[in-house]
Amino acid sequence: MRLKIVQAGDPVLREVARPLALQEIHSDETQRLIRDMKETMYDAPGVGLAAPQVGVPLQLAVIEDREEYLKSLPEPELLEKERKPVPLHVLINPRMVGQGNDRVEFYEGCLSLAGFSAVVSRARTVRVEYFDECGESRCVEASGWFARILQHEIDHLGGTLYIDQMHSRTFTSLDNWNRFWKAKPSERARGLGSQPQGK
Ligand code: ZN
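Because the structure is predicted, anything quoted here is derived from the model rather than measured. (Residues numbered from 1 in each chain as written. Predicted model: local features only at pLDDT ≥ 70, side-chain atom pairs only at ≥ 80, totals over all residues. Heavy atoms only, no water.)

> Just checking my understanding: could you explain the sheet that holds strand E2 (residues 60-65) for this structure?
The 5 strands are arranged E1-E2-E3-E6-E7 in an open sheet whose pairing can be described as antiparallel. One side of each edge strand has no neighbouring strand; the edge strands of this open sheet are strand E1 (48-50) and strand E7 (137-143). In this sheet, adjacent strand axes meet at a mean angle of 40° when their direction is disregarded. Lying on the sheet, helix H2 (residues 28-43) is in contact with E1, E2 and strand E3 (86-99); it crosses E2 at an angle near 40°. Relative to E7, helix H5 (residues 144-157) is tilted by about 125°, and along the sheet it contacts E1, E2, E3, strand E6 (125-131) and E7. (Pairing = 2+ DSSP bridges. Helix = DSSP H or I, 4+ residues; strand = E, 2+ residues; numbered from the N terminus. Axes fitted to C-alpha atoms, helices over the stretch in contact; angles between N-to-C directions. Contact = heavy atoms within 4.5 Å.)

> Even after reading the chapter, I still don't get the nonpolar core, so can you show me in this structure?
Nonpolar side chains tend to gather and get buried jointly when the protein is soluble and globular. Core analysis: the biggest nonpolar cluster contains 18 residues, and Ile63, Val126, Val128, Val140, Ala142, Phe146 and Leu150 have the highest contact counts within it. When residues of this core are traced back to their parent elements, those giving at least two are E3, E6, E7 and H5. Examining the composition of this core, we find that 6 residues originate from one element, H5, more than from any other. Ile34, Leu49, Val54 and Ile92 belong to the second largest nonpolar core, which has 16 residues in total. (Core = buried A, V, L, I, M, F, W, Y, C linked by side-chain atoms within 4.5 Å. Buried < 20%, exposed > 50% of the residue type's maximum accessible area, 1.4 Å probe, protein only.)

> Just checking my understanding: could you explain the sheet that holds strand E8 (residues 172-173) for this structure?
Two pairing modes exist for strands in a sheet, parallel and antiparallel, and in both the strands are linked by backbone hydrogen bonds. Pairing is antiparallel in the open sheet, where 3 strands are placed in the order E4-E5-E8. One side of each edge strand has no neighbouring strand; the edge strands of this open sheet are strand E4 (103-108) and E8. Note: strand E5 (residues 116-123) against E8, 2 bridges, orientation antiparallel. Within E8, the position partnered with serine 117 by the bridge is threonine 172.

> Help me understand the coordination of the zinc ion in this model?
Put simply, a metal with four donors set out as a tetrahedron has ideal angles of 109.5 degrees, and one with six donors set out as an octahedron has ideal angles of 90 or 180 degrees. Those donors, Cys110 (SG), His152 (NE2), His156 (NE2) and Lys199 (O), are the protein atoms that reach the zinc ion, and they lie 2.1 to 2.3 Å from it. Each of the 4 donor atoms bound to the zinc ion contributes to angles spanning 101 to 129°, and the resulting shape is tetrahedral. Counting the intervening residues between successive donors of the zinc ion yields the motif C-x41-H-x3-H-x42-K. With a gap of 4 residues between them, histidine 152 and histidine 156 both fall in helix H5, about one helical turn apart. Both residues of the pair, histidine 152 and histidine 156, belong to the buried class. (Donors = N, O, S within 2.8 Å, 3.2 Å for Na, K, Ca; no water. Tetrahedral: all angles 85-135°; square planar, octahedral: opposite > 155°, others 65-115°.)

Taken by themselves, the reported measurements are silent on function.
Set out below in structure tokens:
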């Protein structure tokens, strides 16, 4: 079932989400929520979705960057952003346990701020520990766009949105991003975007 994605201003986006107990992960309710969140993410379409974005203040997020999303993008942009297909990850109680010192700046968007984008500085590499949908403990080391998605989703679980750390003067509607910023080199626009894809 597709769920409604709440927009900025809904208090649930500003709550610190509650961790799931291990036995809760196996419950029908949680498994149904995971299924519904995947469907909602694919439908949006987006490359990540956190439970607070569907009105549920739990430490749960789904991430997937599909091959089909990348096909329409120019190769130099994929290289610059280090954007590669990422298989589905279900992240439960994720913890950021390491961040590299390198920072990178790109436009990003959010499904809960539909129609807008801004440049956000993020760590280029991260290491995250989490539980998967089977309750197995896992660890992922990510770089590039995948690392950005992880940071964006984990921020959601702490009640943080990208607008809290964006370069505020780069904030733009997607229409104006397409009109004025899409073709600009990254140095000039503080990050060159492709079509900013919601998370
Ligand atoms: Zn988001």
